[in-house]
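Below, each chain spelled out in residue letters.
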Amino acid sequence: MSQISTADLYDQRGSELQSLALQFQDIGGVTGFSGPVRTVKCFQDNALLKQVLSGPGDGAVLVIDGGGSLETALVGDIIAGLGCDNGWSGLIVHGAIRDRVAIGTLPFGVKALGSNPAKSSKTGEGEVDVPVEIQGVTFRPGAQVWCDADGILVEP
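Since the model is a prediction, treat every value here as computed from it, not as a measurement.

Colleague: What should I look at first to understand the overall build of the protein in this one?
Modeller: Regarding its fold elements, the protein presents 4 helices and 12 strands. If one aligns the C-alpha atoms of the protein with their principal axes, the spans along those axes are about 45 × 30 × 25 Å. Within the protein, the proportion of its 156 residues that are buried is 49%. Considering only residue pairs separated by 6 or more positions, the protein has 74% of its internal contacts joining residues 24 or more positions apart. Only carbon and sulfur atoms are counted for the fraction: they give 48% of the accessible area of the protein, which is about 6900 Å². Separation between the mean location of the 10 positive side-chain charges and that of the 18 negative ones in the protein comes to 6 Å.

Colleague: Honestly, the pairing of strand S3 (residues 33-41) in this entry has me stumped. Any pointers?
Modeller: Along any regular strand, the residues point their side chains to alternate faces of the sheet. One ladder, built from 4 bridges, connects S3 with strand S11 (residues 144-148); its direction is antiparallel. Bridging across to S11, Phe33 finds its partner in Cys147. Here S3 pairs with strand S4 (residues 61-65) via 5 bridges, running parallel. Its bridge partner being in S4, Val37 is matched across the sheet by Val61. At this point the chain moves from S3, through helix H2 (residues 47-53), to the parallel S4, and the crossover so formed is right-handed. As paired strands, S3 and strand S8 (residues 127-128) are joined by 2 bridges and run antiparallel to one another. Its bridge partner lying in S8, Lys41 is registered against Glu127.

Colleague: I keep staring at the nonpolar core and nothing clicks. Help me out?
Modeller: The nonpolar side chains of a soluble globular protein tend to be buried with one another. Residues Leu49, Leu62, Ile64, Val75, Leu91, Val93 and Ile97 are the most contacted members of the largest nonpolar core, which totals 23 residues. Of all elements in the fold, only H2, S4, strand S5 (73-75), helix H3 (77-85), strand S6 (90-97) and strand S7 (109-115) reach the threshold of two or more residues within this core. If we ignore the near neighbours within four places in the chain, the residues touching Leu49 are Val40, Leu62, Ile64, Leu74, Val75 and Ile79. In terms of nonpolar packing, the next biggest core, distinct from the first, is built from 17 residues, Leu20, Val61, Ala143 and Ile152 among them.

Reading the values: rules and limits
Residues numbered from 1 in each chain as written. Predicted model: local features only at pLDDT ≥ 70, side-chain atom pairs only at ≥ 80, totals over all residues. Heavy atoms only, no water. Helix = DSSP H or I, 4+ residues; strand = E, 2+ residues; numbered from the N terminus. Buried < 20%, exposed > 50% of the residue type's maximum accessible area, 1.4 Å probe, protein only. Contact = heavy atoms within 4.5 Å. Areas by Shrake-Rupley, 256 points an atom, 1.4 Å probe, with all protein chains shown as cover. Lys, Arg positive; Asp, Glu negative; His and termini not counted. Charge placed at Lys NZ, Arg CZ, Asp CG, Glu CD. Pairing = 2+ DSSP bridges. Right-handed = clockwise from strand over helix to strand, strands pointing away. Core = buried A, V, L, I, M, F, W, Y, C linked by side-chain atoms within 4.5 Å.

Okay, here's the thing in structure tokens:
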């Protein structure tokens, strides 16, 4: 994927961008991805997330605020595959994933805090396309986000 590196972008735009200091792991088969932000806020429940990724992504990056929980996985290979197949650029998961080996084979960007084989619940609770804050950095629907091996930058 041809895109500007986050380091070069920060050199160009500096304080115009927010840099997320929290260290996410690169899990998908693509480490550099970018696009407009979409969001899902859910805690240990991935039904709403699956519903959103089943629709067209139009090159967006889905920022999933799972509250940083590593107790259950919000994304597995099936859900990541939906995002890949439906035109999403990638996922930023403030929580855990599972099926990391399978997700690593997808031509798709996935950043997450870690992995856990435990399933999440499926009640559908959560919110879509609301601003989410992760360690002082706010992700607003429609803002541009850039991800690569160096980190995550977002327009405020």
